[in-house]
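Inside the fold
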Amino acid sequence: MPRTSLRLNHFTESVIRRMTRVANAHGAVNLSQGFPDFDPPEALLQAAEKAARQGPHQYAVTWGAANFRAALARKQSRFSGLPIDPDEHIVVTCGSTEAMMVAMMTVCDPGDKVIVFSPFYENYVADAILSGAEPIYVALRPPDFAFDPAELKRAFAQGAKALILCNPSNPSGKVFTREELLCIAELAEASDAFVITDEVYEHILYAPGEHVHFAALPGMFQRTLTCSSLSKTYSITGWRLGHLIAAPEVILAARKVHDFLTVGAAAPLQEAAVTALELPDCYYGELQAVYAEKRDAFLGFLDAAGLSYTRPDGAYYVMVDMSEFHCADDVAFAEWLARTVGVAGVPGSSFFREPVNHLIRFHFAKRLETLRDAGERLLSLREKASGLTWP
Ligand code: GLN
(Lines give C-alpha, C1' and ligand atoms only; values in the text may rest on other atoms or scores of the structure.)
Protein backbone atom coordinates (compact mmCIF):
# COMPACT_ATOMS: atom_id res chain seq x y z
CA MET A 1 0.00 0.00 0.00
CA PRO A 2 1.38 3.48 -0.79
CA ARG A 3 2.25 5.62 2.21
CA THR A 4 0.40 8.75 3.31
CA SER A 5 2.02 12.18 3.47
CA LEU A 6 5.10 12.57 5.67
CA ARG A 7 3.81 15.97 6.81
CA LEU A 8 1.25 14.14 8.93
CA ASN A 9 3.95 12.51 11.05
CA HIS A 10 4.66 15.86 12.70
CA PHE A 11 1.37 16.31 14.55
CA THR A 12 -1.42 14.23 16.05
CA GLU A 13 -5.20 14.42 15.83
CA SER A 14 -6.71 17.13 18.00
CA VAL A 15 -6.60 16.13 21.68
CA ILE A 16 -9.35 18.69 22.42
CA ARG A 17 -11.77 17.03 20.04
CA ARG A 18 -10.71 13.54 21.14
CA MET A 19 -11.58 14.46 24.74
CA THR A 20 -15.14 15.24 23.62
CA ARG A 21 -15.40 11.65 22.37
CA VAL A 22 -13.91 10.38 25.66
CA ALA A 23 -16.45 12.50 27.61
CA ASN A 24 -19.33 11.09 25.57
CA ALA A 25 -18.10 7.51 26.00
CA HIS A 26 -18.06 7.89 29.82
CA GLY A 27 -21.08 10.15 30.28
CA ALA A 28 -18.79 12.80 31.78
CA VAL A 29 -19.65 16.49 32.03
CA ASN A 30 -17.81 17.75 28.98
CA LEU A 31 -15.65 20.72 29.93
CA SER A 32 -13.04 19.81 27.32
CA GLN A 33 -13.85 21.11 23.81
CA GLY A 34 -15.07 24.68 24.28
CA PHE A 35 -18.66 25.02 23.12
CA PRO A 36 -21.88 26.12 24.87
CA ASP A 37 -24.72 23.89 26.01
CA PHE A 38 -27.19 26.79 25.84
CA ASP A 39 -29.11 28.20 22.88
CA PRO A 40 -28.05 31.02 20.57
CA PRO A 41 -30.13 34.26 20.73
CA GLU A 42 -33.82 33.68 19.92
CA ALA A 43 -33.77 36.19 17.03
CA LEU A 44 -31.04 34.13 15.41
CA LEU A 45 -33.02 30.90 15.72
CA GLN A 46 -35.99 32.57 14.04
CA ALA A 47 -33.77 33.89 11.26
CA ALA A 48 -32.41 30.36 10.75
CA GLU A 49 -35.95 28.97 10.47
CA LYS A 50 -36.79 31.60 7.88
CA ALA A 51 -33.60 30.91 5.91
CA ALA A 52 -34.38 27.18 5.96
CA ARG A 53 -37.68 27.97 4.18
CA GLN A 54 -36.71 30.85 1.95
CA GLY A 55 -33.05 30.13 1.23
CA PRO A 56 -30.63 30.84 -0.25
CA HIS A 57 -29.81 27.17 -0.61
CA GLN A 58 -27.19 27.42 -3.33
CA TYR A 59 -23.60 28.69 -3.15
CA ALA A 60 -23.03 32.20 -1.90
CA VAL A 61 -20.27 34.31 -3.48
CA THR A 62 -17.14 32.35 -2.61
CA TRP A 63 -15.65 35.05 -0.32
CA GLY A 64 -18.98 35.60 1.45
CA ALA A 65 -22.56 36.70 0.71
CA ALA A 66 -22.77 40.46 0.07
CA ASN A 67 -25.31 41.15 2.85
CA PHE A 68 -23.31 39.09 5.37
CA ARG A 69 -20.09 40.94 4.52
CA ALA A 70 -21.87 44.30 4.71
CA ALA A 71 -23.27 43.50 8.17
CA LEU A 72 -19.92 42.11 9.33
CA ALA A 73 -18.03 45.17 8.06
CA ARG A 74 -20.45 47.48 9.94
CA LYS A 75 -20.12 45.49 13.16
CA GLN A 76 -16.33 45.07 13.06
CA SER A 77 -15.82 48.74 12.09
CA ARG A 78 -17.98 49.76 15.04
CA PHE A 79 -15.93 47.74 17.53
CA SER A 80 -12.44 48.14 16.08
CA GLY A 81 -12.69 51.73 14.86
CA LEU A 82 -11.21 50.62 11.52
CA PRO A 83 -13.05 51.53 8.28
CA ILE A 84 -13.57 47.94 7.10
CA ASP A 85 -14.77 47.67 3.52
CA PRO A 86 -17.04 44.69 2.82
CA ASP A 87 -15.72 44.22 -0.72
CA GLU A 88 -12.01 44.79 -0.16
CA HIS A 89 -11.15 43.58 3.33
CA ILE A 90 -13.12 40.40 4.08
CA VAL A 91 -13.12 36.70 3.26
CA VAL A 92 -15.90 34.72 4.97
CA THR A 93 -14.67 31.25 5.97
CA CYS A 94 -15.87 28.00 7.55
CA GLY A 95 -15.10 29.05 11.10
CA SER A 96 -11.98 30.73 12.37
CA THR A 97 -10.33 27.33 11.92
CA GLU A 98 -10.45 27.80 8.17
CA ALA A 99 -9.60 31.50 8.48
CA MET A 100 -6.36 30.60 10.31
CA MET A 101 -5.45 27.92 7.76
CA VAL A 102 -6.15 30.34 4.90
CA ALA A 103 -4.09 33.04 6.63
CA MET A 104 -1.14 30.70 7.06
CA MET A 105 -1.29 29.42 3.49
CA THR A 106 -1.65 32.99 2.21
CA VAL A 107 1.51 34.32 3.85
CA CYS A 108 3.83 31.30 4.15
CA ASP A 109 6.09 29.59 1.69
CA PRO A 110 7.56 26.17 2.51
CA GLY A 111 10.41 26.60 4.99
CA ASP A 112 9.17 29.93 6.39
CA LYS A 113 9.24 30.34 10.16
CA VAL A 114 6.21 31.31 12.20
CA ILE A 115 6.32 32.45 15.83
CA VAL A 116 3.85 30.69 18.12
CA PHE A 117 3.45 31.60 21.79
CA SER A 118 3.43 28.58 24.11
CA PRO A 119 0.93 27.61 25.51
CA PHE A 120 -1.01 27.77 22.25
CA TYR A 121 -4.30 26.55 20.79
CA GLU A 122 -3.32 23.23 19.22
CA ASN A 123 -4.50 24.06 15.67
CA TYR A 124 -1.71 26.60 15.11
CA VAL A 125 1.09 24.08 14.90
CA ALA A 126 -0.88 21.83 12.57
CA ASP A 127 -1.73 24.93 10.46
CA ALA A 128 1.95 25.86 10.28
CA ILE A 129 3.06 22.36 9.29
CA LEU A 130 0.28 21.91 6.72
CA SER A 131 1.28 25.19 5.09
CA GLY A 132 4.92 24.08 4.98
CA ALA A 133 6.09 26.46 7.70
CA GLU A 134 8.14 25.75 10.79
CA PRO A 135 6.95 26.95 14.19
CA ILE A 136 9.33 28.84 16.50
CA TYR A 137 8.10 28.99 20.08
CA VAL A 138 8.17 31.85 22.56
CA ALA A 139 7.12 31.07 26.14
CA LEU A 140 4.27 32.79 27.93
CA ARG A 141 5.30 32.41 31.57
CA PRO A 142 2.82 31.91 34.41
CA PRO A 143 1.37 33.43 36.52
CA ASP A 144 0.47 36.30 34.15
CA PHE A 145 1.62 34.48 31.00
CA ALA A 146 3.86 37.39 30.04
CA PHE A 147 6.51 36.97 27.34
CA ASP A 148 10.10 38.10 27.55
CA PRO A 149 10.59 40.84 24.90
CA ALA A 150 14.23 39.80 24.44
CA GLU A 151 13.16 36.21 23.68
CA LEU A 152 10.57 37.49 21.22
CA LYS A 153 13.17 39.70 19.56
CA ARG A 154 15.47 36.69 19.16
CA ALA A 155 12.62 34.73 17.58
CA PHE A 156 11.95 37.49 15.05
CA ALA A 157 15.70 37.64 14.40
CA GLN A 158 15.55 34.03 13.12
CA GLY A 159 13.74 35.49 10.11
CA ALA A 160 10.12 34.87 11.11
CA LYS A 161 7.63 35.48 8.33
CA ALA A 162 4.69 35.79 10.73
CA LEU A 163 3.61 35.64 14.36
CA ILE A 164 0.40 34.02 15.57
CA LEU A 165 -1.39 35.92 18.31
CA CYS A 166 -4.43 34.53 20.13
CA ASN A 167 -6.03 37.34 22.13
CA PRO A 168 -7.91 36.85 24.46
CA SER A 169 -5.91 33.74 24.75
CA ASN A 170 -6.86 30.08 24.61
CA PRO A 171 -5.92 28.17 26.80
CA SER A 172 -4.43 30.57 29.37
CA GLY A 173 -7.20 33.18 29.59
CA LYS A 174 -4.56 35.87 29.17
CA VAL A 175 -5.60 39.22 27.72
CA PHE A 176 -2.57 40.93 26.22
CA THR A 177 -2.06 44.47 27.45
CA ARG A 178 -1.80 47.37 25.02
CA GLU A 179 1.90 47.71 25.96
CA GLU A 180 2.56 44.04 25.13
CA LEU A 181 0.74 44.40 21.82
CA LEU A 182 2.71 47.54 20.98
CA CYS A 183 5.92 45.62 21.69
CA ILE A 184 4.82 42.84 19.29
CA ALA A 185 3.84 45.49 16.72
CA GLU A 186 7.22 47.19 16.92
CA LEU A 187 9.13 43.92 16.51
CA ALA A 188 6.88 42.77 13.64
CA GLU A 189 7.42 46.07 11.88
CA ALA A 190 11.19 45.98 12.40
CA SER A 191 11.30 42.46 10.89
CA ASP A 192 8.70 43.21 8.22
CA ALA A 193 6.66 40.21 9.41
CA PHE A 194 2.92 39.53 9.28
CA VAL A 195 0.81 39.10 12.41
CA ILE A 196 -1.98 36.53 12.18
CA THR A 197 -4.48 37.02 14.98
CA ASP A 198 -7.09 34.68 16.36
CA GLU A 199 -9.62 36.93 18.09
CA VAL A 200 -12.56 34.57 18.49
CA TYR A 201 -12.92 35.58 22.15
CA GLU A 202 -12.95 39.31 21.32
CA HIS A 203 -16.29 39.75 23.13
CA ILE A 204 -15.56 37.41 26.05
CA LEU A 205 -13.41 39.23 28.56
CA TYR A 206 -13.84 40.27 32.13
CA ALA A 207 -13.77 43.73 33.65
CA PRO A 208 -11.62 45.78 33.71
CA GLY A 209 -10.11 44.21 30.56
CA GLU A 210 -10.60 45.77 27.14
CA HIS A 211 -10.11 44.10 23.80
CA VAL A 212 -7.47 45.78 21.67
CA HIS A 213 -7.86 44.93 17.98
CA PHE A 214 -4.28 44.33 16.88
CA ALA A 215 -5.00 45.60 13.35
CA ALA A 216 -6.14 48.93 14.83
CA LEU A 217 -2.75 49.66 16.40
CA PRO A 218 -0.81 52.39 14.54
CA GLY A 219 0.42 51.10 11.18
CA MET A 220 -0.67 47.51 11.81
CA PHE A 221 -3.59 47.10 9.39
CA GLN A 222 -1.23 46.46 6.46
CA ARG A 223 0.55 43.55 8.16
CA THR A 224 -2.29 41.97 10.16
CA LEU A 225 -4.55 39.11 9.13
CA THR A 226 -7.38 39.19 11.66
CA CYS A 227 -9.18 35.87 12.08
CA SER A 228 -12.35 35.59 14.10
CA SER A 229 -15.76 33.99 13.97
CA LEU A 230 -19.36 34.12 15.07
CA SER A 231 -19.03 30.82 16.95
CA LYS A 232 -18.27 32.09 20.42
CA THR A 233 -19.92 35.52 20.24
CA TYR A 234 -23.34 34.15 19.25
CA SER A 235 -23.04 30.60 20.64
CA ILE A 236 -23.13 28.96 17.19
CA THR A 237 -19.94 26.88 17.05
CA GLY A 238 -21.63 24.34 14.75
CA TRP A 239 -22.58 26.91 12.12
CA ARG A 240 -18.94 27.25 11.10
CA LEU A 241 -19.04 30.94 10.21
CA GLY A 242 -15.69 32.69 10.44
CA HIS A 243 -13.84 35.48 8.72
CA LEU A 244 -10.49 36.83 7.74
CA ILE A 245 -10.03 40.60 7.61
CA ALA A 246 -6.91 42.12 6.06
CA ALA A 247 -5.55 44.66 3.58
CA PRO A 248 -6.90 44.40 -0.01
CA GLU A 249 -3.69 42.88 -1.44
CA VAL A 250 -3.70 40.15 1.21
CA ILE A 251 -7.42 39.51 0.73
CA LEU A 252 -7.00 39.01 -3.04
CA ALA A 253 -4.44 36.29 -2.28
CA ALA A 254 -6.49 34.79 0.57
CA ARG A 255 -9.60 34.52 -1.63
CA LYS A 256 -7.73 32.13 -3.90
CA VAL A 257 -6.74 29.85 -1.02
CA HIS A 258 -10.24 29.89 0.45
CA ASP A 259 -11.92 29.29 -2.92
CA PHE A 260 -9.97 26.09 -3.51
CA LEU A 261 -10.16 24.88 0.09
CA THR A 262 -13.89 25.11 0.73
CA VAL A 263 -15.58 27.30 -1.96
CA GLY A 264 -17.56 28.96 0.79
CA ALA A 265 -19.38 28.95 4.09
CA ALA A 266 -23.01 27.75 4.30
CA ALA A 267 -25.21 30.20 2.37
CA PRO A 268 -28.45 29.89 4.43
CA LEU A 269 -26.48 30.30 7.66
CA GLN A 270 -24.78 33.45 6.37
CA GLU A 271 -28.24 34.78 5.52
CA ALA A 272 -29.55 34.02 9.01
CA ALA A 273 -26.45 35.31 10.79
CA VAL A 274 -26.95 38.82 9.40
CA THR A 275 -29.49 39.08 12.23
CA ALA A 276 -26.76 38.33 14.79
CA LEU A 277 -24.37 40.89 13.34
CA GLU A 278 -27.11 43.52 13.61
CA LEU A 279 -27.79 42.94 17.31
CA PRO A 280 -27.51 46.15 19.34
CA ASP A 281 -24.51 46.96 21.56
CA CYS A 282 -26.34 45.86 24.71
CA TYR A 283 -26.13 42.24 23.46
CA TYR A 284 -22.36 42.28 23.92
CA GLY A 285 -22.57 43.78 27.41
CA GLU A 286 -25.06 41.09 28.39
CA LEU A 287 -22.83 38.37 26.93
CA GLN A 288 -19.94 39.61 29.09
CA ALA A 289 -22.15 39.65 32.18
CA VAL A 290 -23.35 36.10 31.48
CA TYR A 291 -19.78 34.86 31.08
CA ALA A 292 -18.56 36.74 34.17
CA GLU A 293 -21.24 34.92 36.17
CA LYS A 294 -20.16 31.57 34.72
CA ARG A 295 -16.50 32.24 35.39
CA ASP A 296 -17.12 33.30 38.99
CA ALA A 297 -19.40 30.32 39.62
CA PHE A 298 -16.96 27.81 38.19
CA LEU A 299 -13.94 29.28 39.97
CA GLY A 300 -16.03 29.06 43.17
CA PHE A 301 -16.57 25.32 42.52
CA LEU A 302 -12.82 24.88 41.96
CA ASP A 303 -12.17 26.71 45.26
CA ALA A 304 -14.66 24.44 47.01
CA ALA A 305 -12.81 21.42 45.63
CA GLY A 306 -9.53 22.93 46.89
CA LEU A 307 -8.01 23.15 43.42
CA SER A 308 -5.68 25.94 42.37
CA TYR A 309 -5.74 27.68 39.02
CA THR A 310 -4.79 30.82 37.12
CA ARG A 311 -7.72 33.25 37.07
CA PRO A 312 -8.64 33.96 33.43
CA ASP A 313 -9.08 37.59 32.30
CA GLY A 314 -10.63 36.59 28.99
CA ALA A 315 -11.97 33.64 26.93
CA TYR A 316 -13.77 30.82 28.76
CA TYR A 317 -11.01 28.46 29.88
CA VAL A 318 -9.19 27.91 33.13
CA MET A 319 -5.97 25.97 33.64
CA VAL A 320 -6.19 23.92 36.83
CA ASP A 321 -3.08 22.74 38.65
CA MET A 322 -3.17 18.99 39.30
CA SER A 323 0.44 18.61 40.50
CA GLU A 324 -0.67 17.39 43.94
CA PHE A 325 -1.82 14.13 42.29
CA HIS A 326 1.71 13.39 41.06
CA CYS A 327 0.60 11.90 37.73
CA ALA A 328 3.40 12.26 35.19
CA ASP A 329 1.05 11.53 32.28
CA ASP A 330 -1.65 14.20 32.04
CA VAL A 331 -3.37 12.44 29.12
CA ALA A 332 -3.87 9.37 31.32
CA PHE A 333 -4.95 11.64 34.18
CA ALA A 334 -7.53 13.44 32.00
CA GLU A 335 -8.95 10.10 30.86
CA TRP A 336 -9.11 8.85 34.45
CA LEU A 337 -10.83 12.09 35.46
CA ALA A 338 -13.48 11.68 32.75
CA ARG A 339 -14.02 7.99 33.54
CA THR A 340 -13.88 8.02 37.34
CA VAL A 341 -14.79 11.53 38.47
CA GLY A 342 -17.09 12.21 35.51
CA VAL A 343 -15.62 15.54 34.38
CA ALA A 344 -13.76 15.87 31.09
CA GLY A 345 -11.00 18.44 30.57
CA VAL A 346 -8.09 18.73 28.17
CA PRO A 347 -4.58 17.63 29.23
CA GLY A 348 -2.41 20.74 29.45
CA SER A 349 0.47 19.11 27.56
CA SER A 350 -1.47 19.48 24.30
CA PHE A 351 -1.03 23.28 24.54
CA PHE A 352 2.63 23.53 25.53
CA ARG A 353 5.88 23.23 23.67
CA GLU A 354 7.62 22.76 27.03
CA PRO A 355 7.18 19.45 28.95
CA VAL A 356 4.24 20.61 31.08
CA ASN A 357 2.01 17.85 32.39
CA HIS A 358 0.44 19.05 35.63
CA LEU A 359 -2.38 21.16 34.16
CA ILE A 360 -5.88 20.33 32.99
CA ARG A 361 -7.86 22.89 30.97
CA PHE A 362 -11.57 23.16 31.73
CA HIS A 363 -13.99 25.45 29.92
CA PHE A 364 -17.01 27.08 31.49
CA ALA A 365 -19.21 27.94 28.49
CA LYS A 366 -21.97 25.91 30.07
CA ARG A 367 -25.28 26.47 31.86
CA LEU A 368 -24.86 27.14 35.58
CA GLU A 369 -26.47 23.79 36.43
CA THR A 370 -23.95 21.98 34.21
CA LEU A 371 -21.11 23.80 35.96
CA ARG A 372 -22.62 22.97 39.36
CA ASP A 373 -22.85 19.29 38.37
CA ALA A 374 -19.17 19.36 37.37
CA GLY A 375 -18.29 21.18 40.60
CA GLU A 376 -20.06 18.54 42.70
CA ARG A 377 -18.28 15.74 40.87
CA LEU A 378 -14.92 17.45 41.39
CA LEU A 379 -15.51 17.39 45.16
CA SER A 380 -14.85 13.65 45.03
CA LEU A 381 -11.60 14.00 43.08
CA ARG A 382 -9.18 13.92 46.00
CA GLU A 383 -10.85 10.93 47.65
CA LYS A 384 -11.02 8.97 44.38
CA ALA A 385 -7.35 9.72 43.65
CA SER A 386 -6.09 8.80 47.09
CA GLY A 387 -4.00 5.64 47.20
CA LEU A 388 -3.88 5.38 43.41
CA THR A 389 -0.59 4.67 41.72
CA TRP A 390 -0.44 5.99 38.19
CA PRO A 391 1.05 3.98 35.36
N1 GLN B 1 -11.67 26.46 20.48
C2 GLN B 1 -12.26 25.33 21.10
C3 GLN B 1 -11.37 24.76 22.17
O4 GLN B 1 -10.26 25.13 22.32
C5 GLN B 1 -12.57 24.22 20.16
C6 GLN B 1 -12.63 24.59 18.76
C7 GLN B 1 -12.74 23.40 17.88
O8 GLN B 1 -12.70 22.26 18.32
N9 GLN B 1 -12.86 23.71 16.63
O10 GLN B 1 -11.80 23.88 22.87
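The paragraphs below set out a description of the structure included in this document. Only a predicted model underlies this, so the values are computations on that prediction, with no experimental measurement involved.

Describing the overall build of the chain
When helices and strands are counted, the chain shows 13 helices and 13 strands. Over its C-alpha atoms, taken along the principal directions, the chain stretches across nearly 60 × 55 × 50 Å. Residue burial in the chain is summarised as follows: out of 391 residues, 56% are buried. Within the chain, contacts between residues separated by at least 24 positions form 74% of all contacts whose residues are at least 6 apart in sequence. Of the roughly 16600 Å² of accessible surface on the chain, 54% is carried by carbon and sulfur atoms. The average position of the 35 basic charges and that of the 46 acidic charges among the side chains of the chain differ by 4 Å.

Topic: the site of the ligand
Every residue close to the ligand is listed here: I16, R17, S32, Q33, G34, Y121, N170, Y201, K232, Y317 and R361. The side chain of R17 places a nitrogen or oxygen atom 2.7 Å from an oxygen atom of the ligand. Here a nitrogen atom of the ligand and a side-chain polar atom of Y201 are 3.4 Å apart. When isolated, the ligand has an accessible area of 290 Å², and the protein chains bury 89% of it. Grouping the amino acids of the shell around the ligand by side-chain chemistry returns four nonpolar, four polar and three charged.

Some words on the packing of aromatic side chains
Across all of its chains, the model carries 19 aromatic pairs by this definition. Put simply, the rings of F38, Y201, Y291, Y316 and Y317 pair up and form one aromatic cluster. Here R295 stacks its cationic end above the ring of Y206, 4.4 Å away from the centre of that ring. Positioned above the aromatic ring of F35 is the side chain of K366, whose terminal nitrogen or guanidinium carbon lies 4.2 Å from the ring centre.

The rules behind each value
- Residues numbered from 1 in each chain as written.
- Predicted model: local features only at pLDDT ≥ 70, side-chain atom pairs only at ≥ 80, totals over all residues.
- Heavy atoms only, no water.
- Helix = DSSP H or I, 4+ residues; strand = E, 2+ residues; numbered from the N terminus.
- Buried < 20%, exposed > 50% of the residue type's maximum accessible area, 1.4 Å probe, protein only.
- Contact = heavy atoms within 4.5 Å.
- Areas by Shrake-Rupley, 256 points an atom, 1.4 Å probe, with all protein chains shown as cover.
- Lys, Arg positive; Asp, Glu negative; His and termini not counted.
- Charge placed at Lys NZ, Arg CZ, Asp CG, Glu CD.
- Near = heavy atom within 4 Å.
- Polar contact = N/O pair within 3.5 Å; in protein donor to acceptor, adjacent residues only side chain to side chain.
- Nonpolar A, V, L, I, M, F, W, Y, C, P; charged D, E, K, R; others polar.
- Phe/Tyr/Trp six-rings, centres within 6.5 Å; stacked < 30°, edge-to-face > 60°.
- Lys NZ or Arg CZ within 6 Å of the ring centre and 35° of its normal.

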